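Residue-level structure breakdown
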2 protein chains.
Amino acid sequence: MASAAASASVTGAPCQQNAHDVGSNGAAVHSFKASNMVIEMSQTPKPKPEMTGLAFGTVFTDHMLTIEWSSGEGWQKPHIRPFGNLSLHPACSSLHYAVQLFEGMKAYRGQDNRVRLFRPMLNMNRMLKSAKRACLPSFNEAELLECIRKLVEVDQEWVPYSDNASLYIRPTYLGTEASLGVKRPSRALLYVILSPVAAYFSTGAKAVSLWADCKYIRAWKGGTGDCKMGGNYGASICAQYEALDYGCQQVLWLYGDDHQITEVGTMNLFLYWTNEDGEEELATPPLDGIILPGITRQSILELALKWDRFKVSERYLTMGDLQRALKENRVTEMFGSGTACVVCPVSRILYQGEALELPCAEDGSSLASRIMKELTDIQYGRTASDWNFEV
Amino acid sequence: MASAAASASVTGAPCQQNAHDVGSNGAAVHSFKASNMVIEMSQTPKPKPEMTGLAFGTVFTDHMLTIEWSSGEGWQKPHIRPFGNLSLHPACSSLHYAVQLFEGMKAYRGQDNRVRLFRPMLNMNRMLKSAKRACLPSFNEAELLECIRKLVEVDQEWVPYSDNASLYIRPTYLGTEASLGVKRPSRALLYVILSPVAAYFSTGAKAVSLWADCKYIRAWKGGTGDCKMGGNYGASICAQYEALDYGCQQVLWLYGDDHQITEVGTMNLFLYWTNEDGEEELATPPLDGIILPGITRQSILELALKWDRFKVSERYLTMGDLQRALKENRVTEMFGSGTACVVCPVSRILYQGEALELPCAEDGSSLASRIMKELTDIQYGRTASDWNFEV
């Protein structure tokens, strides 16, 4: 590795630290502007796919959004252009040093035929936070949201006419520095692609089994687990296949000597139980740096607080806590939360050679089912809410 | 994030676990073969750059090596082709989930005009280990080395005629799966690019100052710190700039509550001292999962063991150990090691608001200088060694 040489290029260009905010003419270049959008329409629109059985993230719409940045010229005009391959320098920092991050959100078509996004500014905020961690230049979140709104508008016929399918939106942000120095990139590319996705489970969320082991650790204090950076995900694939080898469907990510329960697969985690003090409680691990601040997670917490029917806590939960509660019949249910499935119940955990069975009501009476209904009612416009953003 | 959906695509294709070793016709497809190489020569060779003041990894040679893999067809023929951009699907897993890894090695031209690589099979072994961690398909290491040898041969005029510059070799390996599922990729691209690099320090290794803090942690048990995966590097850039803000040149990476000393910037770390038991010792942290198994590191250990002049240890070292040793004048020197600089002395460490000054002989009498001379004598063919591999 080009260790020392890399640092030489860093120390050789200390002024680059301000380059993100200043263009070559010295003027402030804080962000691209949606009003400068250039639109080039595809001349070869594709047929829309059958939604039934469509694998996640395999089909893309006719257009994509691209916005380029360089340290010399700042942000360029946003472009909506026909969907196509990227041409990248083989030395670029997104391919060698994972200077890359992404977001995941969805556009939903209501029965009123309106298309809505769900709390999209939270995705924009998180994307900007990830960008800072990755040393990628900042941008104006409202301008990016308006660019995405325009892209969805251009491809609006791709938003499924369905009350459970949706159009997945994938903003992506890469360092495109064409050199091998490990440093803040002098070029970057922000782009957004769209993919129609079927309902994850046609018959409602099916419960999953989890492999809980300390062999692989998803994230750690001082790392990037609270940002949506690519490195968090590639490192997890190995563990996912080992879970399958153990006959489980996903990984329950543990942390620390006390085996804290942190996340499930690529979802946040909730435990609904009677806690050690005999209180009915909905609990999820706190945002202490190793937990991804999920938008579904935040929405569930806010919903439950509004209901005011039980205690709602961001707190540490260990495997020991869970084992004791299971023995004492204090666990009501456990579920993951994420953009794809909204909520996903957990039926079993394989831990230290023992299969822990979790209660899992599948008749719609569970808390997970109630949350699923409330959130999808908002997303599909069946319930009015200021969490919606109309395209 | 498409959590559950991603796992669905995994569970939906369990048989893919064997796809790496079996082609579509069921035959074993273990690796590409160098003997199948297809060579397309560039029609527009570029002028060679001035080596003086050349920034690391910014200029590339006329050709590159590319080898494609797919789960259906296995490995394709290796190609040497004119250097150029890659065309990548915007959903590909190297750009979203950092399914990517690399290696770093060099070709050196001796005064005898022969071109040599330094222990290249160690890079091939490590690359295969990284590939396993990244869930990328395996390959035959000797075949890859032979492909790289051919590439260097084709671009041999780019190996600097110099006894301190060299040709940096960057093997890179990407998942090119064109879908957003977090899973083992069904397509991959292995490629190699070459970049002439100046001697890191024209006047020999200059000592660097380090910022030691627990705000950022490079790697952790259960993570990917012992593999050369992109995510390790992108996550470190932020810390590198914070070190600069503190007036230091690089980061000293700490680990654990006892503040173990692990690595320096992107280098391994050595402490040459009189240890707690009064023994003269060259020490470096053990390969316990958070340390990159550097080839320079291994070579220094092997050299020093052969010398048999002092104790050579792979052992834990904490900031407390170092502070005590400095107070008691037991530290002889500390240095980083890596492919770029070979060895790089450390002059100062900023830790908990205190500047720790380290002894740093700059007259060539240091252990770092002796190691530098022995290793570069081998690399440039001035000393015969079976560590050399002739192109």
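No experiment lies behind these values; they were computed from the predicted model shown.

Cut-offs used in this document
As a convention, each chain's residues are numbered from 1 in the sequence order in which they are written. Going through the entries in the order they are written, you letter the chains from A and number the ligands from 1. Under the rules for a predicted model, residues below a pLDDT of 70 receive no local features and side-chain atom pairs below 80 are neither given nor counted, while totals for whole chains, interfaces and linings still include all residues. Only heavy atoms go into the side-chain values, all of them from the structure, while hydrogens and water stay out. Candidate patch residues must exceed 30% relative accessible area and have no salt bridge, after which like charges are joined if within 9 Å and Val, Leu, Ile, Met, Phe, Trp or Tyr side chains if within 5 Å. Here the open area of atoms and residues is found with the Shrake-Rupley method and a 1.4 Å probe, where only the protein chains shown may cover a residue. By definition, a salt bridge exists where a carboxyl oxygen of Asp or Glu is found within 4 Å of a side-chain nitrogen of Lys or Arg. In this tally Asp and Glu are treated as negative and Lys and Arg as positive; neither His nor the chain ends contributes. By convention, the point assigned to a charge is CZ for Arg, NZ for Lys, CD for Glu and CG for Asp. Exposure is judged per residue with a 1.4 Å probe applied to protein chains only, and the accessible area is read against the type maximum: over 50% gives exposed, under 20% gives buried, and values in between give partly exposed. By definition, residues are in contact when any of their heavy atoms lie within 4.5 Å. By buried area we mean the combined loss of accessible area, with a 1.4 Å probe, across both parts when two parts are placed together. Counted as a polar contact is a pair of N or O atoms within 3.5 Å, where, for protein atoms, one must be capable of donating a hydrogen and the other of accepting one, and residues adjacent in sequence contribute only when both atoms are in side chains. The least-squares superposition of copies is restricted to C-alpha atoms, and to residues with a pLDDT of at least 70 in both copies. To obtain each axis, a line is fitted to C-alpha atoms, and for helices this fit is confined to the stretch in contact; angles are then taken between N-to-C directions over 0 to 180 degrees. Helix and strand assignments come from DSSP, with helices taken as H or I runs of at least 4 residues and strands as E runs of at least 2, each series counted from the N terminus. When an angle is under 35 degrees it counts as roughly parallel; over 145 it counts as roughly antiparallel; between 65 and 115 it counts as roughly perpendicular; any other value is oblique. Should the near helix be turned anticlockwise from the far one by less than a right angle, the crossing is left-handed, and should it be turned clockwise, the crossing is right-handed. Start and end positions for the domains come from either an automated domain assignment or a database one. DSSP-based pairing: two strands are paired if at least 2 bridges between them are found. UniProt positions are given in the numbering used here, feature names are shortened, and annotations may be inferred rather than shown by experiment. Confidence of the predictor in every single residue is expressed as pLDDT, which spans 0 to 100.

Before going further, it helps to examine a negative patch on the surface. A cluster of acidic residues, A:Asp257, A:Asp258, B:Asp257 and B:Asp258, forms a negative patch on the protein surface. For B:Asp258, a relative accessible area of 40% gives the class partly exposed.

Turning our attention to the interface of chain A and chain B. Facing the 82 residues of chain A at the interface are 82 residues of chain B. Of the roughly 7000 Å² buried at the junction of chain A and chain B (both faces included), carbon and sulfur atoms supply 64%. Across the contact surface, chain A and chain B share 0 salt bridges. Inspection of the region where chain A meets chain B yields 30 residue pairs in polar contact (both at pLDDT 80 or more).

Moving on, we come to the relation of the copies chain A and chain B. Between the two copies of the chain lies a rotation about an axis combined with a shift along it. In the superposition of chain A on chain B (RMSD 0.0 Å, axial shift 0.0 Å), the rotation amounts to 180 degrees. Here the two chains are linked by the operation of a two-fold rotation axis. Of the residues that chain A buries at the interface, 100% are likewise interface residues in chain B, meaning the two copies contact each other through the same surface.

So, on to the packing of helix α3 (residues 120-133) of chain B against helix α4 (residues 141-154) of chain B. All names here are of chain B. Their axes nearest at 9 Å, the elements α3 and α4 cross at an angle of 125 degrees. Considered as vectors, α3 and α4 are oriented oblique to each other. Viewed along their axes, α3 and α4 form a crossing whose handedness is right-handed. Mapping the contact onto sequence places Pro120, Met121, Met124, Asn125, Met127 and Leu128 in α3 and Glu141, Ala142, Leu144, Leu145 and Ile148 in α4.

All names here are of chain A. As assigned here, chain A comprises domain 1 (7-197) and domain 2 (208-390). Each of domain 1 and domain 2 has a C-alpha centre, and the two are 28 Å apart. Listed per partner, the contact involves 32 residues of domain 1 and 28 residues of domain 2. Where domain 1 meets domain 2, there are 3 salt bridges.

Tallied over the entire structure, the rule returns 44 salt bridges over all chains. With its nearest N and O atoms 2.9 Å apart, the salt bridge here joins A:Glu146 to A:Arg149. Of this pair, A:Glu146 and A:Arg149 both sit in helix α4 (residues 141-154), 3 residues apart, which is roughly one turn of that helix. A relative accessible area of 25% places A:Glu146 in the partly exposed class. Residue classification places A:Arg149 among the buried positions, given a relative accessible area of 16%. Note that B:Arg370 and B:Glu374 form a salt bridge whose closest N and O atoms lie 3.8 Å from each other. Here B:Arg370 and its partner B:Glu374 are both found in helix α9 (residues 367-379), 4 residues apart, which amounts to about one turn of the helix. Classification of B:Arg370 by relative accessible area gives partly exposed; the value is 29%. Residues joined in a network through salt bridges with shared partners are A:Glu276, A:Glu281, A:Arg315, A:Asp321 and A:Arg324.

This part covers helix α6 (residues 237-245) of chain A. Residues and elements named next belong to chain A. Counting buried residues along α6, 8 of its 9 residues qualify, which places the element largely inside the surrounding structure. Every buried residue belonging to α6 is among Ile237, Cys238, Ala239, Gln240, Tyr241, Glu242, Ala243 and Leu244, and all of these are buried. Looking at the residues trailing α6, positive phi occurs at Gly247, about 80 degrees.

So, on to the pairing of strand β8 (residues 115-118) of chain B. Residue and element names in this part refer to chain B. With burial as the criterion, each face of β8 is covered, one bearing Val115 and Leu117 and the other bearing Arg116 and Phe118. Where strand β7 (residues 105-109) lies against β8, 3 bridges are found, and the strand directions are antiparallel. Residue pairing across strands places Ala107 opposite Leu117, the latter belonging to β8. Hairpin connection of β7 to β8: 5 residues between the antiparallel strands, including Asn113 at a positive phi of 70 degrees. Looking at chain direction, β8 and strand β20 (residues 388-390) are connected through 3 bridges and run antiparallel. Of the residues in β20, the one forming a bridge with Arg116 is Glu390.

All right, on to unusual backbone geometry then. Positive phi, close to 50 degrees, is recorded for A:Ala98, a residue that is not glycine. By the element assignment, A:Ala98 lies in the loop between α2 (93-96) and β6 (100-102).

Attention now moves to the UniProt feature "modified residue: N6-(pyridoxal phosphate)lysine" (unreviewed entry) in chain A. Those places that UniProt annotates as "modified residue: N6-(pyridoxal phosphate)lysine" (unreviewed entry) correspond, in this numbering, to A:Lys228. Mapped onto the elements of the fold, A:Lys228 is located in the loop between β11 (208-213) and α5 (230-234).

Next up on the list: the environment of B:Tyr108. All names here are of chain B. Mapped onto the secondary structure, Tyr108 falls in strand β7. Taking the relative accessible area as the measure of exposure, Tyr108 reaches 4% and is therefore buried. Among the polar contacts made by the side chain of Tyr108, one reaches the side chain of Gln379 at a distance of 3.4 Å.

In this section: the side chain of B:Ser366. Residue and element names in this part refer to chain B. Its location among the elements puts Ser366 in the loop between β19 (354-357) and α9. Separated by 2.8 Å, the side chains of Ser366 and Ser369 make a polar contact. When neighbours within four sequence positions are excluded, Ser366 is seen to be in contact with Glu333 and Ala361.

Right, let's talk about the side chain of A:Thr284 for a bit. Along the chain, A:Thr284 turns up in strand β15 (residues 280-284). Among the polar contacts made by the side chain of A:Thr284, one reaches the main-chain carbonyl oxygen of A:Leu269 at a distance of 2.4 Å.

Residue and element names in this part refer to chain B. Of all the 6 residues making up strand β11 (residues 208-213), 5 are buried; the element is thus mostly covered by neighbouring parts of the structure. In this sheet, strand β18 (residues 342-351) lies alongside β11 in parallel orientation, the contact comprising 5 bridges. Within β18, the position partnered with Ser209 by the bridge is Arg348.

Residue and element names in this part refer to chain A. Confidence along chain A averages 91 in pLDDT terms, with 91% of residues attaining 70 or more. Overall, residues 1-29 carries pLDDT values under 50, and its contacts beyond four positions in sequence, including any with other chains, amount to 70 contacts. Reported for the predicted complex are a pTM of 0.92 and an ipTM of 0.92.

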